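Close look at the chain arrangement
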Amino acid sequence: MKNLVVMLPTLDEEYGLREILPLIPKGELKQIGWQTEVWIIDGGSKDLSIEIAVEYDCEIIKQAGYGKGAAMRTGFNKFIESNKDALVMLDADGTYDPAEIPTFVRNLATNDVIIGDRLHGTIEPGAMTRMNYFGNHMLTWIASALYGISSNDLCTGYWGFTKSAISRMKLNSMRFEIEAEMYASCVKEGIAIKSIPINYRARIGEAKLGSLVDGWIIFKKLLLRRIFPSPVEAITGKGNFDID
Ligand SMILES: Nc1nc2c(ncn2[C@@H]2O[C@H](COP(=O)(O)OP(=O)(O)O)[C@@H](O)[C@H]2O)c(=O)[nH]1
Ligand SMILES: [Mg+2]
């Protein structure tokens, strides 16, 4: 039996967690040879997120620093030190369907990194504002043009990784630019990314991403990593959590 971590960055997602935690298909994963543990990387939730996570036997990890990027790096570090074999991350807000986790895991048998591609999958009505739709396409196009390796959906929050891929990525993002940096780092390290189309649903609860400011930060990160391919200090979450 191999060991899988399902990692959920969480900041006040009681409604999302209530919906998705029961949908994580641990039984189906066991049938295909995977024992699953769910890690909640908590950014200091003040609602009932933690209580719900405890109810569903999740491991609760307090993130270092602030922001989704710092949270993912906290989780990646813990994963590297663990005896687990693969990791699937998805947002805790109900936008991604946990029923698709086994597809990610099956694809990890022959690929190091899998992304859930919303832009060539199904975006349910109301799931993405017009501005976000435009912004996601534009950033994805810019990433492909800058790096010469096509990205299908730069900002997706649904990813699967082998341990080797996570150990090789070098990251220092604090916020929502983390996915762009993961793409850039995979290109730099020569790790191929396979896309699989997924279903993207409307969020449950309140969004934390402010489209314009975060779009700008993502764009700057793409440029920065094109010029300086690795961060100077923080490597996969180790090091400084205060720099931006
Ligand atoms: N641990 C942690 N999670 C966060 C933080 N900010 C956002 N998240 C989580 O990251 C995921 C994506 O956030 P969301 O607001 O939905 O952004 P969007 O989907 O990109 O619009 C959700 O599961 C959030 O709860 C943070 O500072 N810390
Ligand atoms: Mg979301």
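Refer to the preceding data block for the structure.
Quantities reported herein were computed from a predicted structural model and do not represent experimental measurements.

1. Comments concerning the overall build of the chain
Summing up its helical and strand segments, the chain has nine helices and seven strands in all. Computed over C-alpha atoms, the radius of gyration of the chain comes to 16 Å, within 12% of the 18 Å expected from 2.2 N^0.38 for 244 residues, which places it in the range of a compact globule. Taken along the three principal axes of its C-alpha coordinates, the chain extends 45 × 40 × 35 Å.

2. Side note on the nonpolar core
Val6, Leu87, Val88 and Tyr183 are the most contacted members of the largest nonpolar core, which has 62 residues in total. Here this core takes seven residues from helix α8 (residues 178–189), the largest share from any one element. Discounting chain neighbours no more than four positions away, the residues touching Val88 are Leu4, Val6, Ile101, Phe104, Val105 and Gly160.

3. Quick look at the sheet that holds strand β1 (residues 2–10)
Taken together, seven strands build an open sheet; the order of strands is β3-β2-β1-β4-β6-β5-β7 and the sheet is mixed. Strands with a single pairing partner mark the edges of an open sheet, and in this sheet they are β3 (59–62) and β7 (193–200). Averaged over neighbouring strand pairs, the angle between their axes works out to 25° when direction is ignored. With three bridges joining them, strand β5 (residues 113–123) and strand β6 (residues 159–162) adopt antiparallel strand pairing.

4. Quick word on the environment of Glu81
Mapping Glu81 onto the fold places it in helix α4 (residues 68–81). The class of Glu81 is exposed, set by 8 C-beta atoms lying within 10 Å. Each C-alpha atom of the pair Glu81 and Ser167 lies 9.8 Å from the other, and the pair is 86 residues apart in sequence.

5. Re α4
The end-to-end C-alpha separation of α4 is 20 Å, in line with the 20 Å expected for 14 residues at 1.5 Å each. Across the 14 residues that make up α4, a large majority, 10, are buried. Of the positions making up α4, those classed as buried are Lys68, Gly69, Ala70, Ala71, Met72, Arg73, Thr74, Gly75, Phe76 and Phe79.

6. Notes on helix α9 (residues 211–227)
Counted at 1.5 Å a residue, the expected span for α9 with its 17 residues is 24 Å, and the 25 Å between its end C-alpha atoms agrees. Those residues of α9 that fall on the buried side of the exposure criterion are Gly215, Ile218, Lys221, Leu222 and Arg225. Along the axis of α9, the buried residues cluster in a sector spanning 120°; they form a single face. Relative to its buried face, α9 has exposed residues pointing more than 90 degrees away, namely Leu212, Val213, Leu223 and Ile227.

The rules we used
Residues numbered from 1 in each chain as written. Chains lettered and ligands numbered in written order. Predicted model: local features only at pLDDT ≥ 70, side-chain atom pairs only at ≥ 80, totals over all residues. Helix = DSSP H or I, 4+ residues; strand = E, 2+ residues; numbered from the N terminus. Rg over C-alpha atoms; globule rule 2.2 N^0.38 Å. Core = buried A, V, L, I, M, F, W, Y, C linked by C-beta atoms within 7 Å. Buried ≥ 20, exposed ≤ 12 C-beta atoms within 10 Å, placed from the backbone. Contact = placed C-beta atoms within 7 Å. Pairing = 2+ DSSP bridges. Axes fitted to C-alpha atoms, helices over the stretch in contact; angles between N-to-C directions. Expected span 1.5 Å × (residues − 1). Arc of directions from axis to C-beta.

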